[in-house]
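# What the coordinates show
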Amino acid sequence: MTSMTYQVTGMTCEHCTRAVTEEIESLDGVSAVAVSLVPGGISAVTVTSDAPLAPEAVMTALDEAGAYSLSGAGAGAGAGDDAGAGAGAGDVTHAAMAAPGRTLPLM
């Protein structure tokens, strides 16, 4: 068994938590998913699985769940993980949303 914690952006509510949990639980080898929700910030998603998951599989599951993505800073933390793996250009907007003390206008 291995446990990895992914930093996920775009989650705002319990619906987001359920959607992400269900999609990641559907990946082969996953036995448990725990989400520490930070609405509008960077949420920690801890995944327990038989073997480490490919970052692409996690990103695909997040995409299927909704508008969620891995954070560029510490996308996954765990044994044998490459921090930041899978971060894309789309993370710039989310990083701005998660910046401490930053206020964004409502539209």
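Residues numbered from 1 in each chain as written. Predicted model: local features only at pLDDT ≥ 70, side-chain atom pairs only at ≥ 80, totals over all residues. Heavy atoms only, no water.

The next thing to look at is the overall build of the protein chain. Regarding its fold elements, the protein chain presents 3 helices and 5 strands. Going from the N terminus to the C terminus, the protein chain shows its helices and strands as β-α-β-β-α-β-β-α. Within the structure as shown, the protein chain displays about 5,800 Å² of accessible surface, and the carbon and sulfur contribution to it stands at 57%. (Helix = DSSP H or I, 4+ residues; strand = E, 2+ residues; numbered from the N terminus. Areas by Shrake-Rupley, 256 points an atom, 1.4 Å probe, with all protein chains shown as cover.)

A few words now on the environment of S36. Structurally, the position occupied by S36 is in strand β2 (residues 30-36). Leaving out residues up to four positions away in the same chain, S36 has contacts with S43 and A44. (Contact = heavy atoms within 4.5 Å.)

This part covers the side chain of S43. Tracing the sequence through the fold places S43 in strand β3 (residues 42-49). Using a relative accessible area of 0% as the deciding quantity, one classes S43 as buried. Of note is the side chain of S43, whose polar atom sits 2.9 Å from the backbone nitrogen of V38. When near neighbours in sequence (up to four residues on either side) are disregarded, S43 contacts Y6, Q7, V8, M11, S36, L37 and V38. (Buried < 20%, exposed > 50% of the residue type's maximum accessible area, 1.4 Å probe, protein only. Polar contact = N/O pair within 3.5 Å; in protein donor to acceptor, adjacent residues only side chain to side chain.)

Direction of pairing for strand β1 (residues 2-9) relative to β3: antiparallel, over a ladder of 8 bridges. Residue pairing across strands places Q7 opposite A44, the latter belonging to β3. (Pairing = 2+ DSSP bridges.)

It is worth spelling out the packing of helix α1 (residues 14-25) against helix α2 (residues 55-65) at this point. At a closest axis distance of 8 Å, the pairing of α1 and α2 adopts a crossing angle of 135°. What the angle tells us is that α1 and α2 run oblique. Remark: the crossing between α1 and α2 carries right-handed chirality. From α1, A19, V20, E23 and I24 reach across to α2, where they touch A61, L62, E64 and A65. Class assignment of the residues belonging to the contact of α1 with α2 gives a composition of 6 nonpolar, no polar and 2 charged. (Axes fitted to C-alpha atoms, helices over the stretch in contact; angles between N-to-C directions. Parallel < 35°, antiparallel > 145°, perpendicular 65-115°, else oblique. Left-handed = near helix turned anticlockwise from the far one by under 90°. Nonpolar A, V, L, I, M, F, W, Y, C, P; charged D, E, K, R; others polar.)

A few words now on α2. Quick reminder: α-helices carry 3.6 residues per turn. Residues three or four places apart thus point the same way. Among the residues of α2, those classed as buried are V58, A61, L62 and A65. Taken down its axis, α2 places every buried residue within 100° of arc, on the same side. Seen from the open side of α2, the exposed residues pointing more than 90 degrees away from its buried face are E56, D63 and E64. Packed against the buried residues of α2 are β1, α1 and β4 (69-70). Among the residues trailing α2, G66 stands out with phi positive, at a value near 155°. (Arc of directions from axis to C-beta.)

It is worth spelling out the confidence of the model for the protein chain at this point. On average, residues of the protein chain score 78 in pLDDT, and 67% of them reach the 70 mark or higher. Looking at the elements of the protein chain, mean pLDDT is at its lowest for helix α3 (residues 91-98), recorded as 37, and at its highest for β2, recorded as 98. The model gives residues 79-107 a pLDDT under 50, and that stretch makes 28 contacts with residues more than four places away or in other chains. (pLDDT = per-residue confidence, 0-100.)

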